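This is what each chain is made of:
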Amino acid sequence: MAKPLPGRVVNQIRLLRFMANEMTQAELGERIGMTRQTVAAIEAGKYSPTLEAAFRIAQVFGKPLDEVFQWEG
Amino acid sequence: MPFKEKIAWISVVTTAIVWGGYFTFAFRTMMTGGVPHPSIYMAAFTAALILQALLAAAATIVVAILAPKDANAPADERDREVARRSYAIAYPVLISLIVCVTVTVYFGATPWDLVNGMMAAIVIADIVHYGAQIVGYRRGA
């Protein structure tokens, strides 16, 4: 099997929370059905959410998915 | 720290302390070549089970009181992923250790050795299971 191309998922969640009247991680977590710690892990790039969760996050901020998550190769 | 990671820490620490004590007793008995009376073995085994349950329950209650919101939160996708991975790591460990313990029958292991060996396999697999959860949460998932 070929080795996958290097890269990682980055996100703009911190910026988007700031723009959404400093929405807390706990508030975002409540709205997408996740714990505050999981939101923190996603925000820090330590955990990549499922596609469904990623869409939910984008929906909360009213942004398309690619404005919230990007692939950094 | 996620509530479930705290529970994993509690489980690792209480398991290591209680069953570490139990196996120290069992190992010393084995080294002296003695086989304790079944009632002594049962008493030590039951005491270890009860002590661990009490310690884990008490620690969990304290942690839940300190962070009630986290304690009541349902498991999310990361919790489920961490749990799935930790079972996937611990299960082969348990099976391998049980096979190893079973093989000792052909090398003259006594029923007392087998019982302790099986119990040690379960305890080690449990520690691996919770340890994998901790590592999973530390790494992110």
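Counting restarts for each chain, with residues numbered from 1 along the sequence as it is written. To label them, take the chains in the order written and letter them from A, then take the ligands in the order written and number them from 1. For this predicted model, a pLDDT threshold of at least 70 governs which residues receive local features, and a threshold of 80 or more governs which side-chain atom pairs are given and counted, while totals over whole chains, interfaces and linings are taken from all residues. Here the side-chain values reflect all heavy atoms present in the structure, with hydrogen atoms and water set aside.

1. Side note on the packing of aromatic side chains
Residues and elements named next belong to chain B.
- Centres within 6.5 Å are what make two rings of Phe, Tyr or Trp a pair, Trp counting through its six-membered ring; a difference in plane orientation under 30 degrees is then read as stacked, over 60 as edge-to-face, and the rest as tilted. As enumerated under the stated definition, the model contains six aromatic pairs over all chains in all.
- Here Tyr22 and Phe25 contribute two aromatic rings whose centre-to-centre distance is 6.4 Å and whose plane-to-plane angle is 55°, an arrangement assigned as tilted. Highlighted residues: Tyr22 and Phe25, both in helix α1 (residues 3-31), separated by three residues, approximately one helical turn.
- Using a relative accessible area of 4% as the deciding quantity, one classes Tyr22 as buried.
- Three labels apply to residues, based on accessible area from a 1.4 Å probe with only protein chains included: buried if under 20% of the type maximum, exposed if over 50%, partly exposed otherwise in between. A relative accessible area of 29% places Phe25 in the partly exposed class.
- Through pairs of rings, three or more aromatic residues link up here, namely Trp19, Tyr22, Phe23, Phe25 and Phe45. Working definition: helices are DSSP H or I runs of at least four residues, strands are E runs of at least two. Numbering for both runs from the N terminus.

2. Structural notes on the nonpolar core
- Counting 18 residues, the largest nonpolar core has A:Ile13, A:Leu28 and A:Ile57 as the members making the most contacts within it.
- Mapped by element, the contributors of at least two residues to this core are α1 (13-19), α2 (25-32), α3 (36-43) and α4 (51-61) of chain A.
- The dominant element in this core, judged by the number of residues it contributes, is α4(A), at six residues.
- Note on contacts: a residue pair qualifies if any of its non-hydrogen atoms lie within 4.5 Å across the two residues. In this structure A:Leu28 touches A:Ile13, A:Arg17, A:Met23, A:Val39, A:Val60 and A:Phe61, once residues within four positions along its chain are discounted.
- Among the nonpolar cores identified, the runner-up in size contains 11 residues, and B:Tyr22, B:Phe23, B:Ala26 and B:Tyr41 belong to it. We define a nonpolar core as any set of buried Ala, Val, Leu, Ile, Met, Phe, Trp, Tyr and Cys residues linked to one another through side-chain atoms lying within 4.5 Å.

3. Quick word on the environment of B:Gly108
All names here are of chain B.
- Relative to the assigned elements, Gly108 resides in the loop between α4 (77-103) and α5 (111-139).
- The exposed category is assigned to Gly108, whose relative accessible area is 58%.
- For the pair Gly108 and Pro2, spaced 106 residues apart in the sequence, the C-alpha separation amounts to 46 Å.

4. Examining the interface of chain B and chain A
- The interface of chain B with chain A comprises 14 residues on the first partner and 12 residues on the second.
- We define buried area as the total accessible area lost by two parts upon association, computed with a 1.4 Å probe and summed across both. Looking only at chain B, the three residues that lose the most surface to chain A are B:Asp76, B:Glu77 and B:Arg78, adding up to 52% of its buried area.
- Salt-bridge detection follows one rule: a side-chain nitrogen of Lys or Arg within 4 Å of a carboxyl oxygen of Asp or Glu. Between B:Lys69 and A:Glu30 there is a salt bridge, and its shortest N-O distance comes to 3.3 Å.
- Elements with a minimum of two residues in the side of chain B that touches chain A: α3 (68-72), α4 and α5 of chain B.
- When residues of the side of chain B that touches chain A are assigned to their parent elements, the largest contribution, three residues, is made by α4(B).

Note that every value here comes from positions in space, so none of it alone points to a role or purpose.
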